[in-house]
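Survey of secondary and tertiary structure
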Amino acid sequence: RELGTYLIVGVNSDESIAQCKGSAPILNHDERVAMVRSCKFVDQVIEQVPYIMDEHYVSYILNDLRIDFVVHGDDECLVNGQDVYKTAKQAQKFCTVPRTPGISTTDILGRMLLIVHYQLEKKKDKDTLNISHSMLNFIPPRFFLTSRLQCAFAQEKRLAPKSNETVVYIAGAFDLFHPGHIELLKQAKRYGDYLLVGLFSDDSLVRLGRKPISNAHERLLNLLGCSLVDDVLLDAPIDGLDEHAIDLFCIDFILSPPQQHEEAIKLPQDAYAIAKRRGLHQCLSFQSTLSILDIAKRIYIQYDTLVLRYNEKRLKEGAYYAAATEREKKKEDN
C-alpha cells in the first residue's frame, strides 16, 4: 500500500490454484475474498483472478482498471518453470517488495500440519492414513514484533471514539484469524460505531486450556489490520472488564459470542456479571460460518499433499533468506 494511493487485490480462483499448486486451497474462494475485503489496506477486490497472468488479463487490469503496476514479493513465483508475472514484466509494469521476516503462510500451514500430525498419531491404524514421521520436521518458530511493524499495522486507527459514538466491546482469542472471526466482528460492529476488541494473552489462554496456534503478537496484528476493528485492548482480563475499565473506555455495549462459536471460551466465572448488572451485556446470535476445527479437518483431508507442499516451500524460503543474507554480506564487504 505504501507504493501507491489505491490498492486493488486480485483473488485467484479455486480452480486456478488447484491447477497450479496441485491441491485445492484450504479456504475456498468466498472465504478468501471475505478475508481480503476485511483488510483495511485494501481498496478494491477483483474476484476469480487467474493464477498465471496472461496477456488478456494484464491488458484488462492496465486498460480497464488503470493500474500503474503489479506488485509481488521479491521471491520467484514459478509454475512448471513459467514466471507467473512474465507478461506484466514485459509490459514494464511489475514491482517487487521485500518479504517481511517472520510472516509466512508456509509457517502457519506448518503449525496446522503439526497439530493434525499429533492427532493422527493418536489413531491406532496409522498405515491407512499414510503417516510418515520423516514427512514433517516442523519446529514452531518464534515471531518477534517490533514497534515499527506494530505502528505500520496500527496506522489510520482512530485514537479515541467521538463523544456521540456508541462504543462496543467484545473479547476473545481470535486465534488463526479466519472468516469466522470476520463474521463475528461484523455482527459486533452492528451494535455501534466504535469497536474495541479485547485480546486474551497467551498465558490466559493456556490457563483456560486453549493454547493458541498464533501468539499474541500475531493475533494483535491480525486485528489491527482488520477494517472492522477500531482499537485493541491487549491482555484483556478473562474475568471481564471492571467498573473502572468500562467507564474509562466509555463502553455502551459488552458483547459475548454465540454459544456455538469458537470464541465462546469457557471462562472461570461469569465474565459478564458487571455488564449484565449495568444493562450493557448482549449475547450475539448468528450461525457461525467457520472455525479452526473446520480448517484442521480440511487439512486432514489433504494432509499428505500439503506436507509435501510445505516441505518444498520451506526449502524455497530457506534458500531465499540464505541468498538475502549473502547479498547483505557482499554489500558490507564492498
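Check the entry above for the structure.
Let me begin by describing the structure that accompanies this report.

What counts and what doesn't
- Residues numbered from 1 in each chain as written.
- Predicted model: local features only at pLDDT ≥ 70, side-chain atom pairs only at ≥ 80, totals over all residues.
- Heavy atoms only, no water.
- Phe/Tyr/Trp six-rings, centres within 6.5 Å; stacked < 30°, edge-to-face > 60°.
- Helix = DSSP H or I, 4+ residues; strand = E, 2+ residues; numbered from the N terminus.
- Buried < 20%, exposed > 50% of the residue type's maximum accessible area, 1.4 Å probe, protein only.
- Pairing = 2+ DSSP bridges.
- Right-handed = clockwise from strand over helix to strand, strands pointing away.
- Expected span 1.5 Å × (residues − 1).
- Disulfide = S-S within 2.5 Å.
- Core = buried A, V, L, I, M, F, W, Y, C linked by side-chain atoms within 4.5 Å.
- Axes fitted to C-alpha atoms, helices over the stretch in contact; angles between N-to-C directions.
- Contact = heavy atoms within 4.5 Å.
- Salt bridge = Lys/Arg side-chain N within 4 Å of Asp/Glu carboxyl O.

**Re the packing of aromatic side chains**
Within this structure, the stated rule accounts for 4 aromatic pairs. On the basis of an interplanar angle of 45° and a centroid distance of 6.2 Å, the ring pair of Tyr57 and Tyr60 is categorised as tilted. Of this pair, Tyr57 and Tyr60 are both found in helix H3 (residues 55-63), 3 residues apart, which corresponds to roughly one turn of the helix. Residues Tyr191 and Phe253 carry aromatic rings whose centres are separated by 5.6 Å and whose planes lie at 65° to one another, so their mutual orientation is edge-to-face. Of this pair, Tyr191 sits in the loop between helix H7 (179-189) and strand E8 (194-199) while Phe253 sits in strand E10 (residues 253-256), and the two are 62 residues apart along the sequence. The partly exposed category is assigned to Tyr191, whose relative accessible area is 29%.

**What about the pairing of strand E7 (residues 167-172)?**
Where burial is concerned, most of E7 is hidden: 6 out of the 6 residues are buried. Covered by surrounding structure in E7 are Val167, Tyr169 and Ala171 together with Val168, Ile170 and Gly172, the residues of both alternating faces. The pairing of E7 with E8 spans 6 bridges and is parallel. Its bridge partner lying in E8, Ile170 is registered against Val197. Remark: the E7/H7/E8 crossover connection has right-handed handedness. One ladder, built from 3 bridges, connects E7 with E10; its direction is parallel. Across the sheet, residue Val168 finds its bridge partner in E10, namely Phe253.

**Overview of helix H13 (residues 303-333)**
Between the first and last C-alpha of H13 there are 45 Å, a value that for 31 residues agrees with the 45 Å anticipated at 1.5 Å per step. Those residues of H13 not exposed but buried are Tyr303, Leu306, Val307, Arg309, Tyr310, Glu317 and Tyr320.

**Here we look at the state of the cysteines**
All told, the structure shown has 0 disulfides when counted by the stated rule. The closest cysteine sulfur to the non-disulfide-bonded Cys151 is located on Cys39, 17 Å from its own sulfur. We classify Cys151 as exposed; its relative accessible area is 53%. Cysteine Cys226 shares no disulfide, and the gap to the nearest cysteine sulfur, in Cys39, comes to 8.5 Å.

**Digging into the nonpolar core**
In terms of nonpolar packing, the biggest core is built from 26 residues, with Ile170, Phe174, Phe177, Leu185, Val197 and Leu223 touching the most fellow members. When contributions to this core are tallied by element, the ones reaching two or more residues are E7, H7, E8 and helix H9 (216-224). Listed in part, the 23 residues of the second largest apolar core include Tyr169, Leu196, Leu233 and Leu241.

**Some words on the sheet that holds strand E11 (residues 281-283)**
Strand order across the open sheet formed by 5 strands is E9-E8-E7-E10-E11, with parallel pairing between neighbours. Looking at the sheet topology across the chains shown, the edges are occupied by strand E9 (231-233) and E11. Taking the axes of each pair of neighbouring strands and ignoring which way they run, one obtains an average angle of 30° across the sheet. In the packing of H7 onto the sheet, the strands contacted are E7, E8 and E10, and the crossing angle to E8 comes to about 135°. Across the face of the sheet, H9 comes into contact with E8 and E9 while running at roughly 170° to E8.

**Comments concerning the pattern of salt bridges**
One pass over the full model with this rule turns up 13 salt bridges. Residue Asp43 pairs with Arg1 through a salt bridge whose shortest N-O separation is 3.3 Å. Here Arg1 lies in the segment before strand E1 (8-12) and Asp43 lies in the loop between helix H2 (29-37) and strand E2 (44-49), a separation of 42 residues in the sequence. Under the relative-accessibility criterion, Arg1 is labelled partly exposed at 36%.

**Examining the pairing of E8**
Buried residues dominate E8, accounting for 6 of its 6 residues. Residues Tyr194, Leu196 and Gly198 point to one face of E8 and Leu195, Val197 and Leu199 to the other, with burial holding for every one of them. With 3 bridges connecting them, E8 and E9 associate as parallel partners. Its bridge partner being in E9, Gly198 is matched across the sheet by Leu233.

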